[in-house]
Amino acid sequence: EDQVTQSPEALRLQEGESSSLNCSYTVSGLRGLFWYRQDPGKGPEFLFTLYSAGEEKEKERLKATLTKKESFLHITAPKPEDSATYLCAVQEVNTGFQKLVFGTGTRLLVSP
Amino acid sequence: GAVVSQHPSRVICKSGTSVKIECRSLDFQATTMFWYRQFPKQSLMLMATSNEGSKATYEQGVEKDKFLINHASLTLSTLTVTSAHPEDSSFYICSASQGRLNTEAFFGQGTRLTVV
């Protein structure tokens, strides 16, 4: 069974204090690993898809990386508006309908 | 990115009544739509997968007679919570994909259901 574990559960940073969020996964074959941002009371907002080990993608202050066992979401010089829950999800190659399995998320709070 | 609209955003209903939630893809045709529920401080749990014109595929433990899913067109899927009870109170979220090989799913804004 696919498993996705995110750490830490919660993270508090000062504005400008860079850090990384971790997503460890176990799948029989990875089709894609997804990162989403979720604000309270809202649906997830797509950030990145990574498909193979060694791949990296960047968007503003965020950079996602992927290995065969885990993914990191690096946040450089975060701002208060980066505060949100960051969700990681995996999609297995054998799923017929693009099913996503989500981790429990990391709640990020960036203080000014 | 593509836009998925979910309605209503909040609904309060009495125990024993039914509630319908709509999920629309506004600028693309969604061959597949997914319904999730999310409890406070927990992750999204997939309830069912629906394909246009066919029966939904429910995840283990999800009662198909209680959570009725209809995907009548390529832009609309509905989730009806029948005979709702307080334990059905949750945040329900839909997502939609453009095609079988499209690995990018777009999510609706979610619906907060409160059963009193």
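Scroll up to find the structure.
Every chain begins its residue count from 1, and numbering advances along the sequence as written. To label them, take the chains in the order written and letter them from A, then take the ligands in the order written and number them from 1. Since the coordinates come from a predicted model, pLDDT governs what is reported: local features require at least 70, and pairs of side-chain atoms require 80 or more to be given and counted, while whole-chain, interface and lining totals use all residues. Here the side-chain values reflect all heavy atoms present in the structure, with hydrogen atoms and water set aside.

The helix and strand labels rest on DSSP assignments: H or I over at least four residues marks a helix, E over at least two residues marks a strand, and numbering proceeds from the N terminus. Along chain A, the regular secondary structure elements total zero helices and eleven strands. Starting at the N terminus and ending at the C terminus, chain A contains elements arranged as β-β-β-β-β-β-β-β-β-β-β. Based on the C-alpha atoms only, the size of chain A along its principal axes is roughly 45 × 30 × 20 Å. Taking all 112 residues of chain A together, 49% fall into the buried category. In this description, accessible areas are obtained by the Shrake-Rupley approach with a 1.4 Å probe, and a residue is regarded as covered only by the protein chains that are shown. Of the roughly 5400 Å² of accessible surface on chain A, a fraction of 48% belongs to carbon and sulfur atoms. Here chain A holds 13 positive side-chain charges and 15 negative ones, and the gap between their average locations is 2 Å. Burial here depends on accessible area, computed with a 1.4 Å probe over protein chains only, as a share of the maximum for the residue type. Under 20% is buried, over 50% is exposed, and the range in between is partly exposed. Counting rule applied: Lys, Arg positive; Asp, Glu negative; His and chain ends not counted. In this description, the location of a charge corresponds to atom NZ of lysine, CZ of arginine, CG of aspartate or CD of glutamate.

What follows deals with the overall build of chain B. Within chain B, the secondary structure is distributed over zero helices and eleven strands. Helices and strands appear in chain B in the N-to-C order β-β-β-β-β-β-β-β-β-β-β. Across its three principal directions, the C-alpha atoms of chain B cover 40 × 25 × 20 Å. Contact criterion: two residues are considered in contact whenever any of their non-hydrogen atoms come within 4.5 Å of each other. The contacts of chain B with a sequence gap of at least 6 include a subset with a gap of at least 24, amounting to 55%. On chain B, roughly 5700 Å² of surface is accessible, and the fraction owed to carbon and sulfur atoms is 51%. Distance between charge centres in chain B, computed from 11 positive and 9 negative side chains, equals 5 Å.

With that settled, consider the interface of chain B and chain A. Every contact between the two is made by 26 residues of chain B and, on the other side, 22 residues of chain A. Across the interface of chain B and chain A, roughly 1900 Å² is buried in total on both sides, 54% from carbon and sulfur atoms. By definition here, a salt bridge exists when the distance from a side-chain nitrogen of Lys or Arg to a carboxyl oxygen of Asp or Glu is within 4 Å. Viewed at the interface, chain A and chain B are joined by one salt bridge. Put simply, K99(A) and E59(B) hold a salt bridge, and the shortest N to O gap is 2.9 Å. Pairs of N or O atoms within 3.5 Å make up the polar contacts considered here, provided that, within protein, one atom can donate a hydrogen while the other can accept it, and that residues adjacent in sequence are counted only when both atoms are side-chain atoms. The interface formed by chain B and chain A includes four residue pairs in polar contact (both at pLDDT 80 or more). Counting residues per element, the ones that place at least two in the side of chain B that touches chain A are β4 (32-38), β5 (45-51) and β9 (90-97) of chain B. In terms of residue count, β4(B) provides more of the side of chain B that touches chain A than any other element does, four residues in total. Classification used: nonpolar for Ala, Val, Leu, Ile, Met, Phe, Trp, Tyr, Cys and Pro, charged for Asp, Glu, Lys and Arg, polar for all others including Gly. Residue composition of the side of chain B that touches chain A, by class: nine nonpolar, 13 polar and four charged. By definition, the buried area sums, over both parts, the 1.4 Å-probe accessible area that each loses when the two are put together.

All names here are of chain A. Cysteine sulfur atoms are paired as a disulfide whenever they come within 2.5 Å of each other. Taken as a whole and judged by the stated rule, the model has two disulfides over all chains. One disulfide in the model links C23 with C88; its S-S distance is 1.9 Å. Because the torsion about its S-S bond is -60°, the bridge between C23 and C88 counts as left-handed. Of the two residues, C23 sits in strand β3 (residues 19-26) while C88 sits in strand β9 (residues 84-92), which places them 65 residues apart along the sequence. On the basis of relative accessibility, which here comes to 0%, the residue C23 falls in the buried class.

It is worth spelling out the packing of aromatic side chains at this point. When two rings of Phe, Tyr or Trp (its six-membered ring) have centres within 6.5 Å they constitute a pair, described as stacked for plane angles under 30 degrees, edge-to-face for angles over 60, and tilted for the intermediate range. Applying the stated criterion to the full structure yields nine aromatic pairs over all chains. Taking 6.0 Å as the distance between ring centres and 75° as the angle between the ring planes, the aromatic pair formed by F102(A) and F107(B) counts as edge-to-face. With one member in each of two chains, F102(A) in strand β10 (residues 101-102) and F107(B) in strand β10 (residues 106-107) form a pair that bridges those chains. Given the relative accessible area of 10%, F107(B) is considered buried. For the ring pair Y36(B) and F107(B), a centre distance of 5.7 Å and an interplane angle of 40° mean the geometry is tilted. Within this pair, whereas Y36(B) is found in strand β4, its partner F107(B) is found in strand β10, the two being separated by 71 residues in sequence. Within the aromatic cluster, the residues linked to one another by ring pairs are F34(A), Y36(A), F46(A), F102(A), Y36(B) and F107(B).

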